[in-house]
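Report on the structure
If you want the building blocks of each chain, they are given just below.
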Amino acid sequence: MSTHVQKPGWFTVNVFNRAVAWMTRRGISIWGSRVLAVRGRKSGEWRTTPVNLLTVDGQQYLVAPRGHVQWTHNMRAAEGGELRLGKHVDTFTATEVADDDKVPLLRAYLKRWKAEVGVFFGGVGPDSSAEELRRIAPDHPVFRITVKS
C-alpha cells in the first residue's frame, strides 16, 4: 500500500477547511461538501473533517486527494461513519475501492474539483490518460459509501 500523504498548509487548516466546515455545519454545501465524522481507530472518539461527496452513476464516494491521511486510516478501521450537512446526518458504511476500479472515479472527481484539489494529483487531471490515472490510484484512497436506511 502507498504511504503517500500531502499535509495541508496553514491557510488550508486555519482558514479554508474551517470556513467550509462552518458553512457545511450550518447546512450550506459548497459543491457537494459534507462534514465527515469517523471514530478514531485508537481513541474511539469522533474525528471530523470537511470532504467532497462524489456521486457517479447513482453511487456515492469519498476520495482522499491528500492521500493516506488520518481519516482514511480511521475509515478502514471503522468501516463507516457519518456525513453531516447542517442538522442532517447520514450514517453510512464504507467499502474501499480497488486501485484498478478507481480510474473513472478519479477522473470524475478531478473534473468536478480540479481547481480546488488538482495540485495534490501531481499534474494528472480529468483529461489525463487512463494509464496516468491508474499510476496515481494507489496514492488516493477511494471509499464507496452506502447510506444506512
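Residues numbered from 1 in each chain as written. Predicted model: local features only at pLDDT ≥ 70, side-chain atom pairs only at ≥ 80, totals over all residues. Heavy atoms only, no water.

- As recorded in an unreviewed UniProt entry, the chain goes by Nitroreductase family deazaflavin-dependent oxidoreductase and comes from Streptomyces lutosisoli.

**Quick look at the overall build of the chain**
- Looking only at helices and strands, one finds 4 helices and 6 strands in the chain.
- For the chain, the α and β elements follow one another from N to C terminus as α-β-β-β-α-β-β-α-α-β.
- The C-alpha atoms of the chain give a radius of gyration of 15 Å, which matches the 15 Å a tight globule of 149 residues would have.
- Dimensions of the chain, computed from C-alpha atoms along their principal axes, come out at roughly 40 × 30 × 30 Å. (Helix = DSSP H or I, 4+ residues; strand = E, 2+ residues; numbered from the N terminus. Rg over C-alpha atoms; globule rule 2.2 N^0.38 Å.)

**A few points about the nonpolar core**
- Within the largest apolar cluster, 19 residues are counted, with the highest numbers of intra-cluster contacts made by Leu54, Tyr61, Leu106, Tyr109, Phe121, Leu133 and Val142.
- For this core, the secondary structure elements donating two or more residues are strand S2 (46-56), strand S3 (59-63), helix H3 (103-117) and helix H4 (130-136).
- Among the elements that take part in this core, H3 stands out by supplying 7 residues, more than any other.
- With near-sequence residues (within four places) excluded, phenylalanine 121 lies in contact with Pro65, Leu106, Tyr109, Leu110, Ile136 and His140. (Core = buried A, V, L, I, M, F, W, Y, C linked by side-chain atoms within 4.5 Å. Buried < 20%, exposed > 50% of the residue type's maximum accessible area, 1.4 Å probe, protein only. Contact = heavy atoms within 4.5 Å.)

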